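# Observations on the three-dimensional arrangement
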Amino acid sequence: MSKKELLSKIGLRLDGRRAHELRRIRCKLGVFTEPDGSAYMEQGLTKVLAAVYGPHQVRGSKSKAHHDNCLINCQFSMAVFSTTDRKKRPRGDRKSTELSMHLQQALESVIKTELYPWSQIDVYVEVLHADGGIYPTCVNAATLALIDAGIPIKEYVCACTASLANNDVPMVDISHQEEVMGGPTLTIAALPMSGKIVLMEMSQRFHLDHLDKVMNKALQGCKDIRQILDAAVRLHVRDIGSATGWALTSYNE
Amino acid sequence: MGLSEAEKTYVLHGVEENLRVDGRDREEYRPMELETDVVSHAFGSARLRLANTDVLVAVKIEVDAPFPERPYEGKLEFFVDCSFSSMITWVLNKMKPQMASSPMNSHMASKKMLAKERTIKMISMDIGLPSSSANATPNFEGRGGEVLAAEISNCLSSAYCSSLSFDLTKLCILQGKKCWKLYVDILILECGGNLFDAISIAVKVALRNTQVPRVKCIDMDGNNVEISVCHDMFDCQRLNVENAPVMVTVCKIGDKCIVDPDVAEEQCSVGSVVVAVSGNRFSTVLQTGMGSLHPLTLVDCLKMGHKVGQKLDEAVKEVLKESLRGGDVGFIK
């Protein structure tokens, strides 16, 4: 076989992970002071910054405002140095427009928009380093930024990719190398606690019989990511809280 | 963020008394935090945080053909992207500030504390406090701050234009045929005033950090030129940034001039002058803002910029001499 296999005989992937393992996730909330909420997220080598502003008055034409819910405006951009070949423009191409739309779709499903009629929430994501799974990382970073901004959400929205190796074994969190090698990629954004899927997208093809297990794999990935995000949020709240002194008061009681 | 008349007067009086709102004197900078090798796949990179201003610079290198009129020189191109932060300021302009509420303040205080903990290097010019008035820059309005981005990149290119400030001949591979082209990409992540200074320092450090591949041999076959590059990761040349310009923005507030204005001070200023100081000379002088300056004031501004620029340059060099520690860099520290 001329093509290198995505999964070796002993069950290791190209970067040494096993099929069910995510790449290393590191994240941090509140990296900037200017926005209302911000977050930094690393999944493997993919690095993303997210910033949230709002809710605030609708900007530009008032006709865009909804009387019963708030407008969510997402802007996705990639730093020109984020890819191996330098990009010409940071945004405005079709891929970033598509990703902005998908991001908006995922976030609209969790934000309690009905609480802010006539208002708008802006979410900006900036990819600093693209190494596969850009969309999932953006969704996860945006979730953290929303939480940092204190915007009410129904639950975490997490996204994850999955693929099928050797036409049989599903594997989770696809890296750039694996994307390039070929093989289908299934991206889902899900509400991991209720198990609902808000966005699903697939490239290339596999047999319908495999769909179930690949999707479950991706969903499991979302659940794992939720745990990591949750731990990060708790840590952040603890830090912020202890700075304000509430940790101390509860200690005394 | 619009300042009221009273606030403006307060800032103005502070400048007059040589004790600014955040406790600095007129020639003092806010604390800076400087990191290198932040973007792993770029040839060189640096991140500078000057109080609330956050800039990320990455250098990418490509092979290109030199300009016909300058066959011995490489190319240098600057690109500034400020969309990530500009939208912000635009939005915040529209919002009334709610900074006074206590949870917000404490939130910011704790952020500041974290920022303090993770500071690696502070440029030793001053012990000023970070400015707490963080938002909005009025000149960011417009389409994604494109005008400002263009202004900054033009200013940088003219500052780096002279061969005395940056030697482009080092980037020549084969005279008239091949040269290295350096793309210096600047990403403004957060804007808390004084962008020019922050960017110029970050660019200088990123260029110093840049590793230009070493050319092993050049094959010429008619008009085809093949270049083979040394594959050893550690065998590469460094650029000489000894004289790379450092910019200083001198702001005139009332009758006096200050350096390193924060957002509030930028709004109070009548006019400002950006001077790029390379070694002990000026490489560019640019007057920004709407106001006009008296020739005598302009000379004063230039003198002040020159003095502070040299001090700043010394301070940056001093910091760069110390070997930067390893470990985590970037946003997680």
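Residues numbered from 1 in each chain as written. Chains lettered and ligands numbered in written order. Predicted model: local features only at pLDDT ≥ 70, side-chain atom pairs only at ≥ 80, totals over all residues. Heavy atoms only, no water.

Per an unreviewed UniProt entry, chain B goes by Ribosomal RNA-processing protein 42 and derives from Acanthoscelides obtectus. Per UniProt, chain B has the following entry under Sequence similarities (unreviewed entry): "Belongs to the RNase PH family." (UniProt positions renumbered as here; feature names shortened; annotations may be inferred.)

You'll find chain A entered in an unreviewed UniProt entry as Putative exosome complex component RRP41, with Acanthoscelides obtectus given as the organism. The Sequence similarities (unreviewed entry) field of the UniProt record for chain A holds the comment "Belongs to the RNase PH family." Quoted verbatim from the Function (unreviewed entry) field of the UniProt record, the comment on chain A reads "Non-catalytic component of the RNA exosome complex which has 3'->5' exoribonuclease activity and participates in a multitude of cellular RNA processing and degradation events."

If you tally the helices and strands in chain B, you get seven helices and 14 strands. Relative to its 333 residues, chain B shows a buried fraction of 52%. Put simply, 74% of the contacts in chain B that link residues at least 6 apart link residues at least 24 apart. Here chain B displays about 14900 Å² of accessible surface, and carbon together with sulfur accounts for 53% of that area. (Helix = DSSP H or I, 4+ residues; strand = E, 2+ residues; numbered from the N terminus. Buried < 20%, exposed > 50% of the residue type's maximum accessible area, 1.4 Å probe, protein only. Contact = heavy atoms within 4.5 Å. Areas by Shrake-Rupley, 256 points an atom, 1.4 Å probe, with all protein chains shown as cover.)

So, on to the confidence of the model for chain B. The pLDDT averaged across chain B works out to 79; a share of 79% of its residues lies at or above 70. Per-residue pLDDT stays below 50 along residues 87-142 of chain B; that stretch engages in 115 contacts with residues further than four places along the chain or on separate chains. (pLDDT = per-residue confidence, 0-100.)

All names here are of chain B. Compared with the 16 Å implied by 1.5 Å per residue over twelve residues, the 16 Å span of helix H1 (residues 5-16) between its first and last C-alpha is a close match. For H1, the complete set of buried residues consists of Val11, Gly14 and Val15. On an axial view of H1, the arc spanned by its buried residues comes to 100 degrees, and they lie on one face. Set apart from the buried face of H1 by more than 90 degrees, the exposed residues are Glu5 and Ala6. Summarising the contacts, the buried residues of H1 are in contact with strand S11 (246-253), strand S12 (256-259) and helix H6 (263-268). Within two residues after H1, Asn18 carries a phi angle of roughly 60 degrees, on the positive side. (Expected span 1.5 Å × (residues − 1). Arc of directions from axis to C-beta.)

This part is about the pattern of salt bridges. Residues and elements named next belong to chain B. Overall, the coordinates contain 31 salt bridges over all chains when judged by the stated rule. A salt bridge links Arg20 to Glu265; its shortest N-O distance comes to 2.9 Å. Of this pair, Arg20 sits in the loop between H1 and strand S1 (32-36) while Glu265 sits in helix H6, and the two are 245 residues apart along the sequence. With a relative accessible area of 2%, Arg20 lands in the buried category. Judged by its relative accessible area of 1%, Glu265 falls in the buried class. In this structure, Asp64 engages Lys181 in a salt bridge whose closest nitrogen and oxygen atoms are separated by 3.9 Å. Highlighted residues: Asp64 in strand S3 (residues 53-64) and Lys181 in strand S6 (residues 178-190), separated in sequence by 117 residues. A relative accessible area of 25% places Asp64 in the partly exposed class. In this structure, a network of salt bridges that share partners links the residues Arg20, Asp22, Arg24, Arg30, Asp260 and Glu265. (Salt bridge = Lys/Arg side-chain N within 4 Å of Asp/Glu carboxyl O.)

Okay, the packing of helix H4 (residues 146-161) of chain B against helix H5 (residues 195-209) of chain B next. Residue and element names in this part refer to chain B. Two elements in contact, H4 and H5, have axes whose closest approach is 11 Å; the angle formed by their N-to-C orientations is 50 degrees. Between H4 and H5, the interaxial angle falls into the category oblique. You can see that H4 and H5 cross each other, and the crossing is right-handed. Across the interface between the two elements, Leu148, Glu151, Ile152, Cys155, Leu156 and Tyr160 from H4 touch Leu195, Phe196, Ile199, Val203, Lys204 and Leu207 from H5. Tallied by class, residues from the contact of H4 with H5 come to ten nonpolar, no polar and two charged. (Axes fitted to C-alpha atoms, helices over the stretch in contact; angles between N-to-C directions. Parallel < 35°, antiparallel > 145°, perpendicular 65-115°, else oblique. Left-handed = near helix turned anticlockwise from the far one by under 90°. Nonpolar A, V, L, I, M, F, W, Y, C, P; charged D, E, K, R; others polar.)

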